[in-house]
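Each chain, letter by letter, is given below.
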Amino acid sequence: MCGFGFGRLELPAFSCLTPAAKPRLAVILNCTRPLLAAICVSFCSCCWMPLATAQSPEAPNRKHQDPSDKFAQLDPWWPTPGDQRIASGAPGPAYWQQRADYEIDVTLDDQTQRIIGSARIDYHNQSPHTLSYVWVQLDQNRFRSDADDALTETAPSLQPRISFSHMKSILARRSFDGGYRIKSVTDAQGKPLPHKIAGTMMRIDLPEPLAPETGTQFVIDYSYNIVNGKTIRARSGYEFFEEDKNHIYEIAQWFPRVASYTDFGGWQNKPFLGRGEFTLELGDYRVRITAPSEMVVTATGTLTNSEEVLTPQWRERLERAKTADKPVFVVTPEEAKANESVRTETTKTWTFDAKNVRDFAFAASRKFIWDAMGTEVGSDTVMAMSFYPNEAEPLWSKYSTEAIAHTLDVYGRYSFEYPYEVAISVNGPVYGMEYPMICFNGPRPEDDGTYSKATKYGLISVVIHEVGHNFFPMIVNSDERQWTWMDEGLNTFLQYLAEQEWEEGYPSRRGDPEKIVAYMRGGNQRPIMTGSEEILQFGNNAYGKPATALNILRETILGRELFDFAFREYARRWKFKRPTPSDFFRTMEDASAIDLDWFWRGWFYGTEHVDIAIDDVELYQIDSGDPDEKAERERQEKDRREPTLSETRNEGLKRRIDWQPGLKDFYNSPEYDELKVEEEDRKSFQKFLDGLTSDERALLRRTTNFYVVDFRNVGGLVMPIVLRVHYADSTSEMMQFPAQIWRHNSKQVGKLIVTDKEIVRLELDPRRQTADTDESNNHWPEKLVPSRFKLFKDEKKKNAMQKAAQDEKQADKENGAEEKKSDDDDKVEPVE
Amino acid sequence: MMVHGFSTASTVCTYLAALLLMHPVHETVCEMEWDPQRGRVEIALRLDRLDEQWIEHRYRTAGADKETEQDWHVPLLEKQFLLDPVSEGDSKKQLSGRPYRWIGRKEDGAHVWWFFETAKQTDEAPKSIQTRLLFDRHSDYTHRIQILNKLPGGAAPKAVVLTEQRPKQALTFPVAP
């Protein structure tokens, strides 16, 4: 907050008008408005940097003190609408997407931790283009020693020391024999197809160009070593339990997957570097998984041969679970424990079918407990199921499946009904990773079965998050490899809503505006609209900031009703389709009828932060021009004026004119009054009044206060101004001025507040809803905001009785204030 | 390579250490203020509670209890969160910084704040910081240091960001006019 101007509340705010001057309100208010141009100039240097050329609306404008237009429309940055994607943000009449169906036979080798598979792929060219080759993703090649992921990793700091676990990970990465062994690539008749592997991608050259609306088939036989998920960063892998010599396998990105081919990007053949996840074509899968007989296998899709792989008792329990209102053990903890030591040397093949999914993952172990509960989604029953070892108990049986059901319920209300038959959560080596219908989640209790609050909520949150990914991006099929925020940001936002519906005061990590403040004001950032592999501070950039932005959009800018409708519209428009960022931005505007380009520009395309300050407050009152009123006011002001020090000390001083009476004249006599109103002045005023209409005369009699509050945009990001106004009668009211208040000058604005009451205090963003990074400049009069450290230390100094007494006092104070202001808070609408 | 703290690490902790990677929290936030009257730096450090739990498992000495938080917080911070770090001993492998005094901790939803300050009164604010806090949990941790002392004109200094690649940075505390 700047240190000037706060003493001017008592300024006589109007020019001294003579009755002849015919006062007009506008004239009066304009004539004393101070200019702050000098201040503006000092802020030009920190203006938003333009992204486009000198011809664009973003080019610096040297003829305005604010050289950038933060409300310039984003159309030049977005793709031109067409028949595939229309201007409203919806899929157009010519929208198309490819399709890939898979039939896979895979063997899980528990002796060597190896996958051996054969994938038959039916690729359907539904585009209007002829294709001469098909790109396939080989994500396991990320673990080759010559992978780009490894070669482009920058050095960690090895001094002064490095932990054993980190060193083990570095060495394991070097020695692991990872990556696909492609045995053959053939057509449906077994004829070899030319192919070229390039890092994590493989191009298959087609014998004949693939015309629109035709398909092709090819078969890939392959194998690879499964990565140890405990020592090497991975999205899947195995975990080995030394005590019972068992593994938990979480298997994903495990077969050659056809890359996406789109109207907006052609082939998505960006290499897999580990961070940018993936996008694939939707399709139907039939997968036969062969594993040791004693293992329990779970996967994307519906188990179609349960009578071959499940015991009659398990099938009966599973059937019972469909209508249960609590999770039912299909495989009990005791059965799982007993199963750990079984080695039959035989195998079973589990067959799963999955319709309209963009990927397929599975998990297997002898250690799995299995619980299930049917949850109603519309007119269907979805089986929420969890698989976990005894090491995860008692935490998992209590919370995992319930969290799945909760997620389907909440997300369904904000987007669309979950369309699959199962939703599965698996405990194993991966802390949190999502695939269609199945996800991997890591939190476990302590060895003694106890667990901390952090672990409990860590589990619930990660299950909500990973199950939530079914909606974004497994069904709303955005491209994670390019735009992480489109799934992580939207999903984290809904995760926050789901968490808050779990229990009051749920400790959400992300979503509340105040949680993102530290990141927003810090350095080392890139905009949200940054490619997945180039993001800095991944969690804050792709999860926290977009989730917070959407929360602010919902709570402060659009309101819940408008936002929820628009967000749901986006989800439904792009269900089982491929949205891009502009489709999201356009849909949110199209369905809410609110121009949000300024919001996307600031929050998604920029790195500025929110910091709005109250700079100055000035009071103006109506001068009626009545000479008697003016004289009386001046007299009162004179009487109120405190004597100067010299005047005080000179009291009783014998003056010359007191002992030399001849020096006195008319001007020293009681008859002389320098504030006396002359009759001529009264007549002149009366003449002025006679010329006014009755409305104008009424206006002159008003005692309304006109406050001009100057706001300064310190952080650069334009946002609504949320203001609590406290009055002298101990009432208060909330005001909100939309962000468009900054449209002519994004650096500083003045706002007129008209009230019959006296304002005694102003408070910006008191409910911490805009992610304002600096509270110290949010108050008028200026308020010293102690550091968090000092507050804590002061609090610690008090003993329990002192704290109780203080709490009681504070509660009384708040209750009193609440009673006075509650009505105002409820009824006052935004001023603009 | 030096070894530390493995004696108390449970299975759960090492498990989490290797695996917390896909949906990262991976950050701490630190508010730091130089109090020239007291000659001390006052520090509030925000951690995710899962991170605190991991640290506690890994570094808290056996036998310490909640009443003796100082027993493990201060040694940890003095080894891993160093103000004005200097090399110790002949090997130059051990760093030490300004000694700390533990003030306390306060839970804040999914996070927890640690409050501590430099223990000795000095005339000069620290000029650098080096950390390796949580890098042994995951290499992607980001530590953001926000200096609360204001620049002339009232603006806040730009935050300092520490990463495993850049664990040491200069600190500049604005001097009050």
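As the structure is a computational prediction, the values presented were derived from the model and not from experiment.

**Considering the overall build of chain A**
Then, in step 1: In terms of regular secondary structure, chain A is built from 23 helices and 30 strands.
Then, in step 2: Counting every position in chain A, which comprises 832 residues, the buried fraction comes to 43%.
Then, in step 3: Contacts spanning at least 24 positions in sequence make up 74% of the contacts within chain A whose residues lie at least 6 apart.

**Section: the overall build of chain B**
Then, in step 1: Regarding its fold elements, chain B presents 3 helices and 11 strands.
Then, in step 2: Mapped in sequence order, the helices and strands of chain B form the string α-β-β-α-α-β-β-β-β-β-β-β-β-β.
Then, in step 3: Expressed as a percentage of the 177 residues in chain B, the buried residues total 45%.
Then, in step 4: The long-range fraction of contacts in chain B, counting pairs at least 24 apart against all pairs at least 6 apart in sequence, stands at 61%.

**Considering the sheet that holds strand 1 (residues 99-109) of chain A**
All names here are of chain A.
Then, in step 1: Within the open sheet, the 7 strands sit side by side as 4-7-2-1-13-17-15. Their pairing is mixed. Since the sheet does not close on itself, it has two edges, and those belong to strand 4 (181-187) and strand 15 (302-303), each with one partner.
Then, in step 2: With 6 bridges connecting them, strand 4 and strand 7 (residues 214-225) associate as antiparallel partners. Paired with Val185 across the two strands is Ile220, which belongs to strand 7.

**Regarding the sheet that holds strand 25 (residues 705-713) of chain A**
All names here are of chain A.
Then, in step 1: The sheet built from 3 strands is open, its strands ordered 24-25-28 with antiparallel pairing. Each edge of the open sheet is held by one strand with a lone partner, namely strand 24 (612-621) and strand 28 (748-755). The mean angle between the axes of side-by-side strands here comes to 20°, regardless of whether they run parallel or antiparallel.
Then, in step 2: Relative to strand 28, strand 25 runs antiparallel, the two sharing 8 bridges. The residue of strand 28 that forms the bridge with Val709 is Lys751.

**With respect to the packing of helix 12 (residues 513-521) of chain A against helix 13 (residues 538-558) of chain A**
Residue and element names in this part refer to chain A.
Then, in step 1: Their axes nearest at 10 Å, the elements helix 12 and helix 13 cross at an angle of 135°. Regarding the angle of helix 12 to helix 13, the classification is oblique. Helix 13 is crossed by helix 12, and the crossing has left-handed handedness. Of the residues in helix 13, those touching helix 12 at Pro513, Lys515, Ile516 and Tyr519 are Asn540, Gly544, Lys545, Thr548, Asn551 and Ile552.

**Digging into the domain arrangement of chain A**
Then, in step 1: In terms of domains, chain A is made up of domain 1 (99-153 + 166-482) and domain 2 (703-827).
Then, in step 2: Look at where the C-alpha atoms of domain 1 of chain A and domain 2 of chain A centre, and you get two points 50 Å apart.

**Thoughts on the nonpolar core**
Residues and elements named next belong to chain A.
Then, in step 1: Formed by 213 residues in total, the largest nonpolar core has its most connected members in Ala372 and Ala423.
Then, in step 2: When residues of this core are assigned to their parent elements, the largest contribution, 10 residues, is made by helix 13.
Then, in step 3: Split by domain, this core shows at least three residues from each of two domains, domain 1 (99-153 + 166-482) and domain 2 (703-827).
Then, in step 4: Setting aside anything within four residues of it in sequence, one finds Ala372 in contact with Leu318, Ala321, Pro327, Val328, Val330, Met383, Ala384, Met385 and Thr401.

**Describing the confidence of the model for chain A**
All names here are of chain A.
Then, in step 1: Within chain A, residue pLDDT values average 88, and 88% of them lie at 70 or more.
Then, in step 2: Across residues 1-54, confidence stays below pLDDT 50; counting only partners more than four residues off in sequence or on other chains, it has 84 contacts.
Then, in step 3: Confidence drops under a pLDDT of 50 for residues 818-832, and excluding neighbours within four residues, the segment shows 18 contacts in the predicted structure.

**So, the pairing of strand 9 (residues 246-251) of chain A**
All names here are of chain A.
Then, in step 1: Counting buried residues in strand 9 gives 5 out of 6 residues, a clear majority hidden from the surface.
Then, in step 2: Judged from the 5 bridges that link them, strand 8 (residues 237-241) and strand 9 form a sheet pairing that is antiparallel. Note on strand 9: the bridge partner recorded for Phe241 is Asn246.
Then, in step 3: Remark: 4 residues form the turn of the hairpin made by strand 8 and strand 9, two consecutive strands paired antiparallel; Lys245 in that turn has positive phi of roughly 55°.
Then, in step 4: In this structure, strand 9 lies alongside strand 18 (residues 362-365), joined through 4 bridges in antiparallel fashion. Across the sheet, Ile248 pairs through a bridge with Ser365, a residue of strand 18.

**Digging into unusual backbone geometry**
Residues and elements named next belong to chain A.
Then, in step 1: Omega for the peptide link from Glu393 to Pro394 comes to 10°, which places this bond in the cis form.
Then, in step 2: In this chain, Phe472 is followed by Pro473 through a cis amide linkage whose omega measures 20°.
Then, in step 3: Locating Pro473 in the fold gives a position in helix 10 (residues 470-475).
Then, in step 4: Phi is positive for Glu345, which is not a glycine, with a value near 65°.
Then, in step 5: If you trace the backbone, Glu345 turns up in the loop between helix 7 (333-339) and strand 17 (347-357).
Then, in step 6: One non-glycine residue, Asp765, adopts positive backbone phi at about 45°.

**Considering helix 15 (residues 581-592) of chain A**
For an α-helix, 3.6 residues make a turn, and residues three or four places apart therefore share a direction.
All names here are of chain A.
Then, in step 1: Taking 1.5 Å of rise per residue, 12 residues should cover 16 Å, and helix 15 covers 17 Å from first to last C-alpha, within 8% of that figure.
Then, in step 2: Along helix 15, the positions that sit buried rather than exposed are Pro581, Ser582, Asp583, Phe584, Phe585, Arg586, Thr587, Met588, Ala591 and Ser592.
Then, in step 3: Count one or two residues on from helix 15 and you reach Ala593, which has phi positive near 60°.

**Brief notes about the confidence of the model for chain B**
All names here are of chain B.
Then, in step 1: Mean pLDDT for chain B: 80, with 76% of residues reaching 70 or above.
Then, in step 2: Low pLDDT, under 50, characterises residues 1-24; the predicted model gives this stretch 58 contacts beyond four residues in sequence or across chains.
Then, in step 3: This complex was scored by the predictor with a pTM of 0.83 and an ipTM of 0.79.

**Let's talk about the packing of helix 8 (residues 395-414) of chain A against helix 9 (residues 453-468) of chain A**
Residues and elements named next belong to chain A.
Then, in step 1: At a minimum axis separation of 9 Å, helix 8 and helix 9 run at an interaxial angle of 40°. As far as their axial angle goes, helix 9 and helix 8 are oblique. Note that helix 8 runs across helix 9; the crossing there is right-handed. Mapping the contact onto sequence places Leu395, Tyr399, Ser400, Ala403, Ile404, His406, Thr407 and Tyr411 in helix 8 and Thr455, Lys456, Leu459, Ile460, Val463, Ile464, Val467 and Gly468 in helix 9.
Then, in step 2: Considering only residue class, the contact of helix 8 with helix 9 consists of 10 nonpolar, 5 polar and 1 charged.

**So, the environment of Phe440 of chain A**
Then, in step 1: Of note, Phe440 of chain A is situated in strand 23 (residues 438-441).
Then, in step 2: If near-sequence neighbours (up to four positions away) are discounted, Phe440 of chain A is found in contact with Glu250, Val426, Gly428, Val430 and Met433 of chain A.

**Topic: the environment of Arg554 of chain A**
Residues and elements named next belong to chain A.
Then, in step 1: Within the secondary structure layout, Arg554 lies in helix 13.
Then, in step 2: The exposure class of Arg554 is partly exposed, given the 19 C-beta atoms found within 10 Å.
Then, in step 3: Residues Arg554 and Asp564, spaced 10 residues apart in sequence, show a C-alpha to C-alpha distance of 7.5 Å.
Then, in step 4: Non-local contacts of Arg554, meaning those with residues more than four positions away in its chain, are made with Arg560 and Phe563.

About the cut-offs
- Residues numbered from 1 in each chain as written.
- Chains lettered and ligands numbered in written order.
- Predicted model: local features only at pLDDT ≥ 70, side-chain atom pairs only at ≥ 80, totals over all residues.
- Helix = DSSP H or I, 4+ residues; strand = E, 2+ residues; numbered from the N terminus.
- Buried ≥ 20, exposed ≤ 12 C-beta atoms within 10 Å, placed from the backbone.
- Contact = placed C-beta atoms within 7 Å.
- Pairing = 2+ DSSP bridges.
- Axes fitted to C-alpha atoms, helices over the stretch in contact; angles between N-to-C directions.
- Parallel < 35°, antiparallel > 145°, perpendicular 65-115°, else oblique.
- Left-handed = near helix turned anticlockwise from the far one by under 90°.
- Domains from an automatic or database assignment.
- Core = buried A, V, L, I, M, F, W, Y, C linked by C-beta atoms within 7 Å.
- pLDDT = per-residue confidence, 0-100.
- Expected span 1.5 Å × (residues − 1).
- Nonpolar A, V, L, I, M, F, W, Y, C, P; charged D, E, K, R; others polar.

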